[in-house]
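# An overview of the molecular structure
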Amino acid sequence: MALRTSFVVFIYFMIFCNIDIIRVTSQAIPKFTSILVFGDSTVDTGNNNHILTIAKGNHPPYGQDYPNHIPTGRFSNGKLVPDLLAIHLKLKKNGVPPYMQPDLPTSELLTGICFASGGTGFDELTSTISGAIPMRKQLDYFKEYLRKIRDVVGENEADRIVNGALVIVSTGTNDFIFNFYDVPKRRLQFSLSMYQDFLLDKLQNFVKELYDFGCRNIIVNGLPPIGCLPIQMTAKSPLLRTCINKENVDAQIYNQKLEHLLIQLQTHLPRSKILYVDSYSFVSDLMNNPQQYGFEETKRGCCGSGLVEAGPLCTRLSPVCSDPSQYIFFDSIHPTESTYYKATDYLIKQLLPKFEKF
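Residues numbered from 1 in each chain as written. Predicted model: local features only at pLDDT ≥ 70, side-chain atom pairs only at ≥ 80, totals over all residues. Heavy atoms only, no water.

## A few points about the overall build of the chain
Note the cut-off: To qualify as a helix, a DSSP run of H or I must reach at least 4 residues; to qualify as a strand, a run of E must reach at least 2; elements of each kind are numbered from the N terminus. For the radius of gyration, the atom set is restricted to C-alpha positions; the globular benchmark scales as 2.2 Å times the number of residues to the power 0.38. For the exposure calls, accessible area comes from a 1.4 Å probe over protein chains only, and a residue counts as buried if that area is under 20% of its type's maximum, exposed if over 50%, partly exposed in between. In what follows, residue pairs with any heavy atoms lying within 4.5 Å of each other are defined as contacts. Residue-level accessible areas treat just the shown protein chains as cover; the underlying method is Shrake-Rupley with a 1.4 Å probe. His is not counted, nor are the chain ends, whereas Lys and Arg count as positive and Asp and Glu as negative. A charge is said to be at NZ when it belongs to Lys, at CZ for Arg, at CG for Asp and at CD for Glu.
Across its full length, the chain carries 12 helices and five strands. In terms of C-alpha radius of gyration, the chain reaches 21 Å, essentially the compact-globule figure of 21 Å for 358 residues. Once the C-alpha set of the chain is aligned to its principal axes, its extents read approximately 80 × 50 × 40 Å. A total of 358 residues make up the chain; the buried ones form 53% of that total. Summarising the internal contacts of the chain: among those between residues at least 6 apart in sequence, 70% fall at separations of at least 24. Here the chain displays about 16,700 Å² of accessible surface, and carbon together with sulfur accounts for 57% of that area. Once the 35 positive and 34 negative side-chain charges of the chain are each reduced to a mean point, those two points are 3 Å apart.

As structure tokens, this is what we get:
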């Protein structure tokens, strides 16, 4: 009898412990009302399909591992971080739709939308070169979006949705590649430090405008190790294929400034939570310890030769690796879905719990 009683007590103890564990886990991440996405090709879910630009991912082999193997305009073989986050947060079933997609149902608008455009940056010259949607225009579309949802649910509910939304801002790499390194037009006008400050000033104004429109929960992506992108190694270290140290150091300096700026911004914007995403350390860890994360190839993409193919150069005629999950990059610039899954896991475990409960 004593043994039976002890077993029953043990079972009750485990049940109550499990309830507590579930409760703690569910409280670790706030219940966001929506997901709003701004930036470049790292988070563009298909807006470039609907504009005049050569920077498109709406053709095979892009999307080969997306549901139904559809090339949706995402610059990867499958889903991106905003898609995976939205699914995890139970905001979406299949990912975040692009704002430029015609005839979006109201339910999609209310639970999240993507304004990002592949090839853009904070420097207006970047989008002029690529034909992408400028960050300034993305804000204009956001204002238009606000009018739409207010017409549907009223001003108070629309404000609640925006106040409780998770906002993602991810851009900056194109500015340095297009304007400073590979096409050095800005290098004729700015020193590196001056150009970094020029971009950060624009980023600061962008975040302030998001705040003025009601956004309170914002994550801002830092620069990756730009010098380790396959296309940069091809351009500057084609034989040895080593990372370009100078470009990586530049990215680290920019990120230090960015992290400090976001802390200051949060201090001056009441009731805001603005968090820095350390993409540099995350990607560096993957590249330095690939087998620990299940990767085999770190220096070339899965599409074609993996050295230069991206966007219009990564086509249905390009040979594709047999297993993209073993590659960090799908093309010479953009990560695979496997990499994005690991990035999402990092955000869920390390970053999102830092947001206060609504």
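After that view, the rundown keeps rolling.
## Quick notes on the state of the cysteines
Definition in use: The disulfide criterion is simple: two cysteine sulfur atoms within 2.5 Å.
Overall, the coordinates contain three disulfides when judged by the stated rule. Covalently, Cys-228 is tied to Cys-243 through a disulfide, its sulfur atoms 2.0 Å apart. With the S-S dihedral at roughly 115 degrees, the linkage between Cys-228 and Cys-243 falls on the right-handed side. Of this pair, Cys-228 sits in the loop between β4 (217–221) and α9 (230–236) while Cys-243 sits in the loop between α9 and α10 (245–268), and the two are 15 residues apart along the sequence.

## Observations regarding the sheet that holds strand β1 (residues 35–39)
This is how it is decided: Here, strands pair whenever DSSP counts at least two bridges between them. Interaxial angles span 0 to 180 degrees and are taken between N-to-C directions of axes, which are lines fitted to C-alpha atoms, for helices over the stretch in contact.
Taken together, the five strands give an open sheet; going across it, the order is β2-β1-β3-β4-β5, and neighbouring strands pair in parallel fashion. Edge positions in the sheet fall to β2 (112–114) and β5 (273–277), since each of these pairs with one other strand and no more. For this sheet the average axis-to-axis angle between neighbouring strands, irrespective of direction, equals 15 degrees. On the sheet, helix α8 (residues 192–212) packs against β1, β3 (166–170), β4 and β5 and is oriented at approximately 160 degrees with respect to β4. Taken strand by strand, α10 contacts β4 and β5, and its axis lies near 170 degrees from that of β5.

## What to know about the packing of α8 against α10
Worth spelling out the cut-off: By definition, turning the near helix anticlockwise from the far helix through less than a right angle yields a left-handed crossing, and turning it clockwise yields a right-handed one. Side-chain classes are defined by residue name, with Ala, Val, Leu, Ile, Met, Phe, Trp, Tyr, Cys and Pro counting as nonpolar, Asp, Glu, Lys and Arg as charged, and the others, Gly among them, as polar.
Between α8 and α10, the least distance of the axes is 10 Å, while the angle of their chain directions is 35 degrees. With respect to the hand of their crossing, α8 and α10 are arranged in right-handed fashion. Contacts from Leu-192, Ser-193, Gln-196, Asp-197, Leu-199, Leu-200, Leu-203, Gln-204, Val-207 and Lys-208 of α8 reach α10 at Lys-246, Asp-250, Ile-253, Tyr-254, Lys-257, Leu-258, Leu-261, Leu-262 and Leu-265. The residue makeup of the contact of α8 with α10, split by class, is 11 nonpolar, three polar and five charged.

## Some thoughts on the environment of Glu-337
Looking at the element boundaries, Glu-337 is found in helix α12 (residues 337–351). Between the C-alpha atoms of Glu-337 and Arg-241, which are 96 residues apart in sequence, the distance is 23 Å. Among residues more than four places away in sequence, those in contact with Glu-337 are Asp-65, Ser-76, Asn-77, Gly-78 and Lys-79.

## Some details on helix α5 (residues 135–153)
Our working rule: To estimate the expected span of a helix, subtract one from its residue number and multiply by 1.5 Å. Note: the arc covers the axis-to-C-beta directions of the helix.
Helix length check: α5, at 19 residues, gives a terminal C-alpha distance of 27 Å against a target of 27 Å (1.5 Å per residue), a fit within 8%. Looking at α5, one finds that the buried residues are Met-135, Gln-138, Leu-139, Tyr-141, Phe-142, Tyr-145, Leu-146 and Ile-149. Projected onto a plane normal to the axis of α5, the buried residues spread over an arc of 155 degrees and lie on a single side. The exposed set on the far side of α5, more than 90 degrees from its buried face, consists of Arg-147 and Asp-151. For α5, the elements touching its buried residues are β1, α3 (106–111), β2, α6 (155–163), β3 and α8.

## Side note on the pairing of β1
Of all five residues that make up β1, five are buried, and the element is covered over most of its length. Here β1 shows two buried faces, one formed by Ile-35, Val-37 and Gly-39 and the other by Leu-36 and Phe-38. Pairing analysis gives three bridges linking β1 to β2, with the strands arranged parallel. Bridge pairing in β2 places Leu-36 opposite Ile-113. As judged from the five bridges shared by β1 and β3, these two strands associate in the parallel manner.

## Points about the pairing of β4
The buried fraction of β4 amounts to five of the five residues, a majority that puts the element mostly inside the structure. Residues Asn-217, Ile-219 and Asn-221 point to one face of β4 and Ile-218 and Val-220 to the other, with burial holding for every one of them. Relative to β4, β3 runs parallel, the two sharing four bridges. Bridge pairing links Leu-166 to Asn-217 in β4. Here β4 runs beside β5; their pairing, made up of five bridges, is parallel. When the bridges of β5 are listed, Val-220 appears paired with Tyr-276.

## Quick look at α10
Look at α10: 35 Å from first C-alpha to last across 24 residues, which is about the 34 Å you get at 1.5 Å a residue. Taken residue by residue, α10 has Glu-247, Asn-248, Asp-250, Ala-251, Tyr-254, Asn-255, Leu-258, Leu-261, Leu-262 and Leu-265 as its buried positions.

## Some thoughts on the nonpolar core
The condition is simple: As used in this record, nonpolar core signifies buried Ala, Val, Leu, Ile, Met, Phe, Trp, Tyr and Cys residues forming a set joined through side-chain atoms within 4.5 Å.
Counting 87 residues, the largest nonpolar core has Leu-36, Phe-142, Tyr-145 and Leu-210 as its most contacted members. Discounting chain neighbours no more than four positions away, the residues touching Tyr-145 are Ser-34, Leu-36, Tyr-99, Leu-109, Ile-113 and Phe-115. Phe-75, Cys-302, Cys-314 and Phe-330 belong to the second largest nonpolar core, which has nine residues in total.

Remember, this is a structural readout, not a statement about activity or role.
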